[in-house]
Amino acid sequence: MRNGTTHLFIPGPTNIPEAVRQAMNVPMQDMRAPDFGELTLPLFAGLKKVFKTDSRVFMFPGSGTGAWEAAISNTLNTGDKVLISRFGQFSHLWVDMCERLGLDVVSLDVEWGEGVPLEDYAKILEADTAHEIRAVFATQNETATGVTSDIAGVREVLDAAGHPALLFVDGVSSIASIDFRMDEWGVDLAVAGSQKGFMMPAGLSMLGVSEKAFEAHKSSRMARCYFSFEDMLKLNDDGYFPYTPPTQLFYGLRKSLELIEEEGLENVFARHNRLATGVRHAVAAWEGCRLCAAEPKWYSDTVSAIIVPEDVDAKDVLSIGYNKYRTSFGAGLARLAGRVFRIGHLGDLNEVMCLAALGSAEMALIEAGAKIELGSGVAAAQAHYTGVDHMALRLAAE
Ligand SMILES: *Cc1c(COP(=O)(O)O)cnc(C)c1O
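Attention here is on the structure that accompanies the text. (Residues numbered from 1 in each chain as written. Predicted model: local features only at pLDDT ≥ 70, side-chain atom pairs only at ≥ 80, totals over all residues. Heavy atoms only, no water.)

Description of the site of the ligand
- Every residue lining the ligand is accounted for by Ser-63, Gly-64, Thr-65, Trp-68, Phe-90, Asn-141, Thr-143, Asp-170, Val-172, Ser-173, Gln-195 and Lys-196.
- When the ligand sits alone it has 380 Å² of accessible area, and the protein chains cover 89% of it.
- Among the elements that take part in the shell around the ligand, helix H3 (residues 64–75) stands out by supplying 3 residues, more than any other. (Near = heavy atom within 4 Å. Areas by Shrake-Rupley, 256 points an atom, 1.4 Å probe, with all protein chains shown as cover. Helix = DSSP H or I, 4+ residues; strand = E, 2+ residues; numbered from the N terminus.)

Have a look at this one:
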C-alpha cells in the first residue's frame with residue numbers, strides 16, 4: 001500500500017513547489033531564437049539579487065560540483081597555494097578537488113561539528129607576508145554536519161592581515177536560504193546549486209564571480225573547456241549560451257526566483273531560522289540525542305545532523321523511516337555513517353512539514369531502540385512554532 005504522500009527531508013534535492021514544477025512543463029523551444037534572452041536575462045538579474053552582488057553570476061549546466069570546478073579552473077594556476085579547511089564530507093570533497101586539479105593545498109583538519117577555524121586562518125595569513133597563498137576557501141554551510149561558518153569573519157581575517165588572496169565560498173546549501181552577501185563580504189567566487197535553497201531539480205550550477213576574480217582570470221592558465229568563463233562571456237550578455245542550455249530549468253528558476261522575491265529574501269531567512277529552531281528544540285527534547293554541531297554558533301538553519309544514542313544504529317532510523325513511514329532523512333556521511341541521521345529543513349517548507357518530519361523521526365528512533373518519549377520533540381517544536389508556553393499555561397491553570 002502506498003497511500004498518501006511520501007516525505008522528503010534530505011538537505012537536497014529539496015521539495016519542489018508545485019508552481020515551479022508546473023512552470024517547467026513547457027514545450028521545447030529554440031535556444032537561438034531572437035527572443036531567447038527575454039527568458040534568460042532576467043534570471044541573471046534575479047540571481048545577482050539573491051547573491052547580493054553587482055558583478056556577475058554564471059549558470060553552468062551541472063550540479064554544484066561543476067561550479068566548484070569552474071571557480072578553480074578559471075581563476076587559479078596549477079601549483080598555486082590555497083588555504084582550505086575540512087570538517088565534513090562536502091568540505092572534504094572540495095579539498096579533494098583542489099588536490100586533483102593540481103593546487104598546492106594547505107588543508108586544515110577541523111573536528112567534524114565545528115566550522116572554518118578563523119584563528120588558524122588568521123595566523124597562517126598573517127605569517128604569509130610574501131602572499132604565496134592565492135586563494136582562501138570556506139564552506140559556508142557544511143551539509144554533512146549541519147554547521148554554518150562565519151564568512152564575514154573570514155573576510156575580516158583577510159583584511160586584518162592585509163592579504164590579497166581570493167575568497168572562495170561554497171554556498172550550495174546556504175545561498176537563498178541563509179544570510180549571504182557576496183559583495184559586502186568580499187566573496188570572489190560564490191558557488192550555488194539549483195536543487196537546494198532554489199527549490200529546483202539538480203542541473204544548474206551557479207557561480208558568482210567578483211571583479212577581482214575576473215582580474216585573476218586574466219592570468220589563469222589552468223586547462224578548462226566546458227566550464228570556461230570566456231565562452232560564457234561571449235554570449236551571456238545577449239542571453240545565449242555556448243552549448244545547449246537546460247531551458248526547462250530556466251523556466252523553473254524564473255518561478256522560484258519569483259517565489260523568493262514575493263516572500264522576500266530576508267523573510268526566507270527568518271522562516272528557515274524559525275523552522276530550524278523548532279527542530280533543534282525537538283532534538284534537545286530527545287533523550288540521548290544531540291546535534292553534531294558542537295556549539296550554538298555553528299548551528300545550521302538548513303540542515304540538522306543528529307547524533308543518535310550510542311546503542312542505536314542511525315542506519316536503522318533511516319531504513320525504518322524510509323520503508324515504514326515513507327520518509328527520507330539524510331544519511332550520516334563517511335565517518336558519521338551509522339552515528340548520524342540528518343533532517344534537511346530548507347527550501348519549500350513550513351511548520352507542519354517540520355512536525356511531520358519530527359513525528360516520523362520519533363517513531364523511527366523508538367523502533368530503532370532509542371529511549372525517547374513519543375511526542376516529546378514534536379511538542380517542543382510546536383511550543384516554539386506557536387510561541388505559546390504551554391507548560392506555564394498548564395501550571396497556572398492547576
Ligand atoms: C550538495 C552540496 C555540494 C555538492 O553539490 P552537487 O550539486 O551534489 O554537486 C557541495 N557543497 C555543499 C555544501 C553541498 O551541500
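Still to come is the rest of the account.
Concerning the nonpolar core
- Formed by 87 residues in total, the largest nonpolar core has its most connected members in Phe-51 and Phe-198.
- Taken domain by domain, this core gets at least three of its residues from each of domain 1 (18–261) and domain 2 (264–397).
- Those residues in contact with Phe-51 that lie beyond four places of it in its chain are Val-57, Ile-175, Phe-180, Arg-181, Met-182, Ala-190, Ala-192, Phe-198, Met-206, Leu-207 and Gly-208.
- By size, the runner-up hydrophobic cluster in this structure holds 31 residues, among which are Leu-275, Trp-286, Leu-318 and Leu-349. (Core = buried A, V, L, I, M, F, W, Y, C linked by side-chain atoms within 4.5 Å. Buried < 20%, exposed > 50% of the residue type's maximum accessible area, 1.4 Å probe, protein only. Domains from an automatic or database assignment. Contact = heavy atoms within 4.5 Å.)

Some words on the sheet that holds strand S4 (residues 104–109)
- If you trace the 7 strands from one edge of the open sheet to the other, you get S2-S10-S9-S8-S5-S3-S4, paired in mixed fashion. On the outer flanks of this sheet lie strand S2 (56–61) and S4, each paired with one strand and no other. Strand-to-strand, the axes of this sheet are offset by a mean angle of 20 degrees, without reference to chain direction.
- Direction of pairing for strand S5 (residues 133–139) relative to strand S8 (residues 166–170): parallel, over a ladder of 5 bridges. What sits directly across from Ala-135, in S8, is Leu-166.
- Relative to strand S10 (residues 204–209), helix H9 (residues 247–263) is tilted by about 65 degrees, and along the sheet it contacts S2 and S10. (Pairing = 2+ DSSP bridges. Axes fitted to C-alpha atoms, helices over the stretch in contact; angles between N-to-C directions.)

Observations regarding the pattern of salt bridges
- One pass over the full model with this rule turns up 21 salt bridges.
- The salt bridge involving Asp-109 is made with Arg-86; its shortest N-O contact spans 2.9 Å. Here Asp-109, found in strand S4, pairs with Arg-86, found in strand S3 (residues 81–86); they are 23 residues apart in sequence, far enough to count as distant.
- If you follow the salt bridges from partner to partner, you end up with Asp-179, Arg-181 and Glu-184 in one network. (Salt bridge = Lys/Arg side-chain N within 4 Å of Asp/Glu carboxyl O.)

Overview of the packing of aromatic side chains
- A full pass over the atoms with the stated rule returns 17 aromatic pairs.
- Between Trp-94 and Phe-137, the ring centres sit 4.8 Å apart and the planes meet at 70 degrees, which makes this aromatic pair edge-to-face. Highlighted residues: Trp-94 in helix H4 (residues 89–100) and Phe-137 in strand S5, separated in sequence by 43 residues.
- Ring geometry for Phe-180 and Trp-185: centres 5.9 Å apart, planes at 85 degrees, overall edge-to-face.
- Note on Trp-185: relative accessible area 10%, which makes it buried.
- Counting every residue linked through ring pairs, the aromatic cluster contains Phe-58, Phe-60, Phe-214, Tyr-226, Phe-227, Phe-229 and Tyr-243. (Phe/Tyr/Trp six-rings, centres within 6.5 Å; stacked < 30°, edge-to-face > 60°.)

A few points about empty space enclosed by the protein
- Under the criterion given, the structure shown has 1 cavity of 30 Å³ or more.
- Approximately 30 Å³ is the volume attributed to the largest cavity.
- Across the lining of the largest cavity, the residue classes tally to 5 nonpolar, 4 polar and no charged. (1 Å grid on protein atoms, 1.4 Å probe; cavity = no way out; pocket = protein on both sides within 12 Å on 5 of 7 lines; lining within 4 Å. Points joined across faces, edges and corners; volume = space filled by probe spheres on them. Nonpolar A, V, L, I, M, F, W, Y, C, P; charged D, E, K, R; others polar.)

Some details on a nonpolar patch on the surface
- Side chains of Met-363, Ile-366 and Leu-374 sit close together on the surface and give an oily, nonpolar patch of about 240 Å² of accessible area.
- If you trace the backbone, Ile-366 turns up in helix H12 (residues 351–367). (Patch = residues over 30% accessible without salt bridge, like charges linked within 9 Å, V, L, I, M, F, W, Y side chains within 5 Å.)

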